[in-house]
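# Descriptive analysis of the structure
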Amino acid sequence: MASLTIRKLDDTLKAYLRLRSAKNGRSVEEEVRVILRELSEGRAEPVEASVPALAAAPAPAPRATGAAGEPRITLIIGGGIAAYKALDLIRRLKERRIQVRCVLTKAAQQFVTPLAASALSHERVYSDLFDAESEFDAGHIRLARECDLIVVAPATADLMAKMAQGHADDLASAILLAANRPILLAPAMNPLMWNNPATRRNVLQLRRDGIHTVGPNAGEMAEAGEAGVGRMAEPTEIAAAADHMLRPPQPRPLAGKRVLITAGPTHEAIDPVRYIANRSSGKQGFAIAAAARAAGADVVLVTGPVELHDPPGVSVMRVESARDMLHRVEAALPADVAIFAAAVADWRVATEGTQKLKKTAAGMPPLQLVENPDILATISKLKDKRPPLVIGFAAETEHLIENAKAKFARKGCDWIVANDVSPATGVMGGDRNTVHLLARDGKEVTVDSWPVMTKEEVAAALVSRIARTVGATS
Ligand code: CTP
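Residues numbered from 1 in each chain as written. Predicted model: local features only at pLDDT ≥ 70, side-chain atom pairs only at ≥ 80, totals over all residues.

Turning our eyes to something else, we now look at the packing of helix 5 (residues 83-95) against helix 6 (residues 114-121). Look at helix 5 against helix 6: their axes get within 9 Å of each other, and the N-to-C directions meet at 10°. Judged by the angle between their axes, helix 5 and helix 6 are roughly parallel. Regarding helix 5 and helix 6, the two cross each other, and that crossing is right-handed. Here helix 5 contributes L87, I90 and R91 to the contact with helix 6, which in turn contributes A116, A117, L120 and S121. (Axes fitted to C-alpha atoms, helices over the stretch in contact; angles between N-to-C directions. Helix = DSSP H or I, 4+ residues; strand = E, 2+ residues; numbered from the N terminus. Parallel < 35°, antiparallel > 145°, perpendicular 65-115°, else oblique. Left-handed = near helix turned anticlockwise from the far one by under 90°. Contact = placed C-beta atoms within 7 Å.)

What follows is the structure in structure tokens.
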């Protein structure tokens, strides 16, 4: 007689069997026997018909962070009078662009309804450890893992006692025991309960276990005439504490510094419809602007025509030609650091046509070119307003280091970021860059070669080097 290993069945069948057996309160083996009996009696129903949701069930989401890159919280609402404030907490978290999925304990449902929590969170609410629909694929484990943070508000004395002891007899405690994410508790209880030695022991144990708390605060209790420490922290405080754990403030080594950056190509008009340009995408300059802003700098970005969005918090000025770029750069001074990442067109036509140039019998109209102002050299040689740190780029297709070193002499800047832009590297317009940072060390030039990185990584590395230098000189 053949034997059947359920573990080896395909995933859809396994899920179907688990769900069906959970629903009918039978073991999976028992359920298989029932199905076989039904089959032999001609009563079997198709998988999709018996569990319609299963056919459309998506694969379990692999990551915690929500669709728009928003962090996700599993919010466990405990059963205390402060539970009503948990509804406001959902709002405050959503205002901070945090996605919330709620779990209500049985006691919490005496104070707030799953419907209210679901309406505010725009998500399904969970409350039952033995819910066949969500537990067919161990939903309590998913609720514990598919989030970036678990918040318990209100965290009742009972829930904390269960946590401290490692109980898992309902959905909330099972999630907390299965969690591998940080946990934030907002305790709320009567002051006598908060001060009870048992609660004190439990709180101490939980803190030793690495669990975070916010509150409780001192104030009046729901019970008439009672006051003391035990009030749940306000929803705004809990939301701020959660946000702080999800997005800890980044160091801002360039706070108070003004950084001026050029980016992109320039367009030099030939006539009203034609121009001279190059393949620069502006990505590297924009990435540097974003990184400098993230480091706390006040950033001005002067860019030629590119198809990129303004980095948040950066003051962006869009220009066309090299001469426009120079004017904007001069007007943006003074600055503590100036970074010239633009691929400025070296030449423009001497006389821009006021009308479209026409083909003539005499052949191509002559295009007389004149040199554009060198923005980097102009700013590097300023007497009064020269930024203390001026950084140029060297875009080369051959003899990279040699040519970059020669640019030091011509341009008068402090550092040069040299990159190979020959077509084979894909740097122009691409997302990665291999750079060499040249810096003056007295009369010597030091060369620091970085590995291949994304343009964002190059930007971050450059900004952190700038922060070390500017920090050391200020
Ligand atoms: N640059 C500038 N103004 C120009 C030309 C270049 O500010 N008119 C800056 C660039 O932003 C870059 C540096 O000078 O920081 C070097 O640019 P690059 O195009 O590599 O060199 P060029 O000076 O144009 O010299 P060449 O074309 O001979 O390589």
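The subject of this paragraph is the sheet that holds strand 8 (residues 258-263). Ordered in space as 12-11-8-13-16-17-19-20, the eight strands form an open sheet in which the pairing is mixed. The open sheet terminates on both sides in strands that have one partner only, identified here as strand 12 (315-318) and strand 20 (444-449). Between one strand and the next, the sheet's axes are offset by a mean angle of 15°, whatever the strand orientation. Bridge count for strand 17 (residues 415-420) against strand 19 (residues 435-441) is five bridges, and the pairing is antiparallel. Bridging across to strand 19, W415 finds its partner in A439. Across the face of the sheet, helix 14 (residues 283-294) comes into contact with strand 8, strand 11 (298-303) and strand 13 (337-340) while running at roughly 165° to strand 8. Against the sheet, helix 17 (residues 400-411) engages strand 16 (389-396), strand 17, strand 19 and strand 20, with an angle of about 140° to strand 16. (Pairing = 2+ DSSP bridges.)

Mapping T351 onto the fold places it in the loop between strand 14 (347-349) and strand 15 (369-371). Along the chain, T351 and L367 lie 16 residues apart, while their C-alpha atoms are 8.6 Å from each other.

Right, let's talk about the nonpolar core for a bit. Of all hydrophobic cores here, the largest spans 59 residues; its most connected members are V259, I261, I288 and A292. Here the element with the most residues in this core is helix 14; it accounts for seven residues. Look past the residues within four positions of V259 in its chain and what remains in contact with it is L254, A292, A297, V299, A335, D336, V337 and I339. (Core = buried A, V, L, I, M, F, W, Y, C linked by C-beta atoms within 7 Å. Buried ≥ 20, exposed ≤ 12 C-beta atoms within 10 Å, placed from the backbone.)

What follows deals with the site of the ligand. Taken together, 16 residues lie near the ligand, and F340, V344, I375, L376 and G392 sit nearest. Sorting the residues of the shell around the ligand by element identifies helix 16 (375-380) and strand 16 as the ones contributing at least two each. Sorting elements by how many residues they give to the shell around the ligand places strand 16 first, with four residues. Class assignment of the residues belonging to the shell around the ligand gives a composition of ten nonpolar, three polar and three charged. (Near = placed C-beta within 6 Å. Nonpolar A, V, L, I, M, F, W, Y, C, P; charged D, E, K, R; others polar.)

A word on the UniProt feature "binding site: CTP" (unreviewed entry) in the chain. Per the UniProt record, the feature "binding site: CTP" (unreviewed entry) sits at D346, K356, P373, D374, I375, L376, F393, K407 and K411. Its place among the elements puts F393 in strand 16. For F393, a count of 25 C-beta atoms within 10 Å gives the class buried. Setting aside chain neighbours within four positions, we find F393 in contact with F340, A341, I416, V417 and N419. Counting through the fold element by element, K407 comes out in helix 17. Those residues in contact with K407 that lie beyond four places of it in its chain are G392, A394 and I416. (UniProt positions renumbered as here; feature names shortened; annotations may be inferred.)

This part is about helix 17. The end-to-end C-alpha separation of helix 17 is 16 Å, in line with the 16 Å expected for twelve residues at 1.5 Å each. For helix 17, every residue scored as buried is listed here: L400, A404 and K411. For helix 17, the angular spread of buried residues about the axis comes to 35°, placing them on one side. Away from its buried face, by an angle of more than 90 degrees, helix 17 presents the exposed residues E402, A409 and R410. Residues of helix 17 that are buried make contact with helix 16, strand 16, strand 17 and strand 19. (Expected span 1.5 Å × (residues − 1). Arc of directions from axis to C-beta.)

The subject of this paragraph is the packing of helix 9 (residues 157-165) against helix 12 (residues 197-208). Viewed as axis vectors pointing N to C, helix 9 and helix 12 meet at an angle of 55°, and their least axial separation amounts to 9 Å. The angle between helix 9 and helix 12 falls in the class oblique. Between helix 9 and helix 12 lies a crossing of left-handed hand. Contact with helix 9, carried on its side by A157, M160, A161, M163 and A164, involves A198, T199, N202, V203, Q205 and L206 of helix 12 and no other residues of that element. Its residues assigned to classes, the contact of helix 9 with helix 12 shows eight nonpolar, three polar and no charged.

Turning to the pairing of strand 13, a few remarks are in order. Of the two faces of strand 13, the one lined by V337 and I339 and the one lined by A338 and F340 are each fully buried. Taken together, the four bridges between strand 8 and strand 13 define a ladder with parallel strand orientation. Directly across from V259, in strand 13, lies its bridge partner V337. Relative to strand 16, strand 13 runs parallel, the two sharing four bridges. Considered in strand 16, the bridge of F340 is made with G392.

For the rest of this paragraph, the subject is the pairing of strand 17. Each regular strand shows side chains that alternate between the opposite faces of the sheet. For strand 17, a buried count of five out of six residues is recorded, marking the element as mostly surrounded by other parts of the structure. Here strand 16 runs beside strand 17; their pairing, made up of six bridges, is parallel. Within strand 17, the position partnered with I391 by the bridge is W415. On the question of chirality, the crossover connecting strand 16 to the parallel strand 17 by way of helix 17 is right-handed. (Right-handed = clockwise from strand over helix to strand, strands pointing away.)

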